Structure formats: structure tokens, C-alpha cells
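Report on the structure
Chain residues, written in single-letter form:
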Amino acid sequence: QHMARTPSISVQSTTNVTSSRYGRGCARNIGKELGRFVVCTMEIPWSLTKSILGADPVFVLMVNTLEESVIEEQIRSSPPCDCVVGIGGGQAIDIAKFFAWKLSARLVTIPTVISVDAFVTPAAAIRRNHRVVYLGSASPDPLVIDYDLIRTAPAQLNIAGVGDLLSIHTATHDWELAEKHKQSEFQFSKQNVVKARDILKLYVLDKVEAIKSLSDEGLQAIVDGYIQINTICEPDGHYRVEEGSEHYLFYELEERLQRSFVHGHIVGLGVYLLSRLQNNDPESITSFMNSVGLQYQPKHMGLRKDDIIASLKNLKAFVQGRSDLWFTVLNVEDITDDWIKKVTKELEF
């Protein structure tokens, strides 16, 4: 059954999505429209999609690293193409965006999981010596949201898609704090803070059952939430309403432990901890994460108590050592041993 539909709110303002297709089975035969195309993917998403594209790519790049130097070499060795297709999760789509930008080629994105908002943002999040850098700019034409394809991914990975929307809760608070301390790096916009919080409520907090069950409505709510946040962030040229101290915990852990995480899970842990440091209604946001089954607990990510304690103790120094990170609660509140003891006691290891 093909269910084409348009987003519930028409996207009038700037987003990073040139065109889009939504519905069950809407990825079928798209390869016939693409000319010579290269696919950036991983084993599982490729095994699910290669038979439905309707045409064969000239080259398939199996993504196994996000390191810039390796990707540059892969681009040099790939054949000429008209189009780059990203099929999979955030990493495959980030590589496809980087590829398309480098080759000035058309980009098509077919997320098979919506655990991270990479499929609607312009820059590619890749790694330079294990540090996240955002490079280039590419817009999907089209973005293909095939509900049936997305539901083939493990449920907890799709539920992880709420992570980069839940971060609005802590990020907007951080931006307000920065403005209060006259430290905002950008022109502060109360209107955008309110709009971002409305998006969080409308597309996430009010959709507990739909998101938990990953119905068409639930999947579409996450995608629409991401697209709506872009209408704030793209014109302003920054993601202040969606990124703050909750992401900095993840950056610190990833860099120090030199391992990757499911983005929505680690951001969820950041929201859990930093909403408590902010004293910013941590109970209701935690209750939502528990209700939809977001796997934000350290035990879900193989994080030990020592890892979290070390991260929290190091976090202020980490942020102060990075001139590219914004002013947040970490510049205002002290992280005491007593506070660390209190918040880690309630976590599951």
C-alpha cells in the first residue's frame, strides 16, 4: 500500500530539504530516476534496499569510518557520477552529504533509521583525529521517508530519533542563561526559543504513544520536528535552540573514550544530567524518555559509573578548553562531588 502524504505543517521558510517523498514503499524504483549514482551505505541497510531501487549504482561505498582523511581517499577512487545516494543511518548519510558536496553532485537521502537528524541538516558531521567537525553543505533532492523501510530498523534506534529534539529542552535553557549573562554568541531571539519549545511539545512530548509504537504518525512526527527546527536554525545560521550542554557531555565522552554512541541515546543521557544541573524541570523530561522507551541509561551504552563520574568532573575544563563551544550552564554552575554522587546514584549501570 502506498501512502503518499505531505508534512502536517507546510514548510514555508528555509529548510535544508529541496524536495521530499513520504509514504510506505516510496523508495521503490527511485534508482531509475538517478542516472549514474554512487551509494554510501552499510551492510544491513544495503541488504534491505539494493533490490528495491530499480537500478544498480556505479559504486557502493561501505561506510566503516568517519575520519576525513580516509573519506577523501575514497572519494578520489570512486567513478564519476551524477548523484550520491545516502542509505542508512546518520553516518552513511553524513558521508553521502560530504561526497555530494565534494563532487558538486545531486544528493538523495533514504534514511533506514531516524536515530539522528543528519538527513535534514546541511553539514556533514565527520571526524578529524576523533574530533567532530562539521563540513560542507548538501540538500537532499529528494529526502525519501519510507515508513516500512524505517521500521525494519531496531525499534530503539528509531525511538532514539527524539534525542535531537529533546535537546531543545536543555539547549534553549542554556541560550537563555547565556543571554542573561550577556554571553550569547548570537543575536538572542526569545521568539525562536518559544517556537523551538512549541516544536518539542507538538511533535514529541504530545506524541508519546505514536512515537513509542513507531506508527506512521510517530515516524512522521520525528521527521517533521527535525524539519521544523531547521526553519529556525537554517535562516539564523546556528543551532543554538537545539544544541547545548547536553551535547557537550557527549563530545567529552566520545573524545576521551574514543568510541562512538547511538546519538539519541547519549544525547538523552546528556538531557537527563544537564537538565538536573540547570534545575530545569528534569522530572517531566525524564518521565517522557521513560515512557517512550528511550535507552539513555549508561547500562544501555556500556558506560561504567567511573566513566560518567570522570566525564562530569572533567566537563567544565573540557568546555573551557574549546573556544568553539557556546556559553551554557557549565559556565555558570559548579559540578560538585556531592551533586555527582546524587545524580549518578539514580542512574542505571
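Residues numbered from 1 in each chain as written. Predicted model: local features only at pLDDT ≥ 70, side-chain atom pairs only at ≥ 80, totals over all residues. Heavy atoms only, no water.

Before going further, it helps to spend a moment on the sheet that holds strand β5 (residues 106–111). The six strands lie next to each other as β1-β8-β5-β4-β2-β3, forming an open sheet whose pairing is parallel. In the strand order of this sheet, the two ends are held by β1 (20–23) and β3 (59–62), each with one partner. For this sheet, the mean angle separating the axes of adjacent strands, direction not counted, is 15 degrees. Packed on one face of the sheet, helix α3 (residues 90–103) meets β2 (37–41), β3, β4 (83–88) and β5 and runs near 170 degrees to β4. (Pairing = 2+ DSSP bridges. Helix = DSSP H or I, 4+ residues; strand = E, 2+ residues; numbered from the N terminus. Axes fitted to C-alpha atoms, helices over the stretch in contact; angles between N-to-C directions. Contact = heavy atoms within 4.5 Å.)

Turning our attention to the pairing of β4. Burial within β4 is extensive, with six of its six residues counted as buried. The pairing of β2 with β4 spans four bridges and is parallel. When the sheet's bridge partners are listed, Val-38 is paired in β4 with Val-84. Of the crossover connections in this fold, the one passing from β4 over α3 to the parallel β5 is right-handed. (Buried < 20%, exposed > 50% of the residue type's maximum accessible area, 1.4 Å probe, protein only. Right-handed = clockwise from strand over helix to strand, strands pointing away.)

Interpretation of this model should avoid reading the predicted coordinates in detail wherever pLDDT is low. Across the protein, the average pLDDT comes to 93, with 96% of residues at or above 70. Mean pLDDT per element in the protein: strand β7 (residues 131–135) is the minimum at 89, and helix α12 (residues 282–292) is the maximum at 98. Within the model, pLDDT remains below 50 along residues 1–13, and this stretch shows 25 contacts once partners closer than five positions in the same chain are excluded. (pLDDT = per-residue confidence, 0-100.)

Close contact between helix α7 (residues 190–203) and helix α9 (residues 216–236) brings their axes to 9 Å; oriented N to C, the two are set at 170 degrees. In this view, α7 runs roughly antiparallel relative to α9, as classed from their interaxial angle. Side by side, α7 and α9 meet where Asn-192, Lys-195, Ala-196, Ile-199 and Tyr-203 of the first sit next to Ala-221, Asp-224, Gly-225, Gln-228, Ile-229, Thr-231, Ile-232 and Asp-236 of the second. Considered class by class, the residues forming the contact of α7 with α9 number six nonpolar, four polar and three charged. (Parallel < 35°, antiparallel > 145°, perpendicular 65-115°, else oblique. Nonpolar A, V, L, I, M, F, W, Y, C, P; charged D, E, K, R; others polar.)

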